[in-house]
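Survey of secondary and tertiary structure
Residue strings, one per chain:
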Amino acid sequence: MKQILVTFFIILTFISAIEAESGKKVFETYCWGCHHQTAVAFGPPFAEIASKRTAEEIQGMITDPEGVSKVFGYRRNAMPAFKLKSEELKAITAYILSFKPTDTKESNSSKENNKTIVKEPYPNIAANKESK
């Protein structure tokens with residue numbers, strides 16, 4: 001019985017490693033130009049996406065970014081729609097979610113206290129300077 005469990009976990013680990021590598025390849029093929037795993041690029045970093053979105057929301061944003069952006073209340077969206085195979089979509093979703101931060105409740109509450117709320121998502125700084 002112990003050998004079966006050990007074998008099962010070895011196989012599970014191997015499959016997870018293959019899926020992660022597959023997700024990384026999808027990322028390098030389609031996403032890397034605008035997104036980086038941890039740094040801010042043209043699009044948000046994966047850590048930010050993973051901390052805010054579910055797997056379904058991520059998949060929706062990949063396949064129908066214009067529609068999902070409207071649902072989220074965004075005024076604009078620069079991401080193109082991608083037609084990925086089901087396996088590629090699952091792999092890239094798992095890869096993105098692997099960057100989900102493992103914060104404690106204490107650090108999350110301090111982030112909430114330090115959050116800045118902006119009334120307009122894209123404030124016009126130039127207009128504000130002219131009115132002064």
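Here goes a summary of the coordinates provided.

What follows concerns the overall build of the chain. The helix and strand tally for the chain stands at seven helices and zero strands. Going from the N terminus to the C terminus, the chain shows its helices and strands as α-α-α-α-α-α-α. Residues counted as buried form 19% of the 132 residues belonging to the chain. Of all intrachain contacts in the chain linking residues separated by at least 6 positions in sequence, the fraction that spans at least 24 positions is 51%. Counting only carbon and sulfur atoms, one obtains 58% of the accessible surface of the chain, whose full area is about 10,400 Å².

Moving on: the side chain of His 35. You can see His 35 is positioned in the loop between α1 (2-31) and α2 (46-52). The exposure class of His 35 is buried, given its relative accessible area of 12%. Of the polar contacts made by the side chain of His 35, one reaches the backbone oxygen of Pro 44; its length is 2.7 Å.

With that settled, the discussion passes to the state of the cysteines. Joining two cysteines, a disulfide is a covalent bond between their sulfur atoms. One pass over the full model with this rule turns up zero disulfides. Just so you know, Cys 31 is unpaired, no disulfide at all, and the nearest cysteine sulfur is the one on Cys 34, 8.9 Å from it.

Reading the values: rules and limits
Per chain, residue numbering runs from 1 following the sequence as it is written. This being a predicted model, a pLDDT of at least 70 is required before a residue's local features are given, and a value of 80 or more before pairs of side-chain atoms are given or counted; all residues contribute to the totals for chains, interfaces and linings. Side-chain measures here rest on the full set of heavy atoms in the structure, leaving out hydrogens and waters. Secondary structure elements follow DSSP: runs of H or I no shorter than four residues count as helices, runs of E no shorter than two count as strands, and numbering proceeds from the N terminus. A 1.4 Å probe rolled over the protein chains alone gives each residue an accessible area, and that area as a share of the maximum for its type sets the label: buried under 20%, exposed over 50%, partly exposed in between. Note on contacts: a residue pair qualifies if any of its non-hydrogen atoms lie within 4.5 Å across the two residues. Only the protein chains shown count as cover for residues, and all accessible areas are computed by the Shrake-Rupley method using a 1.4 Å probe. Under this definition, polar contacts are N or O atom pairs within 3.5 Å; protein pairs additionally need one hydrogen-donor-capable and one acceptor-capable atom, and for neighbouring residues in sequence, both atoms have to be side-chain atoms. The disulfide criterion is simple: two cysteine sulfur atoms within 2.5 Å.

Everything listed here is a matter of coordinates, which is why it stays silent on function.
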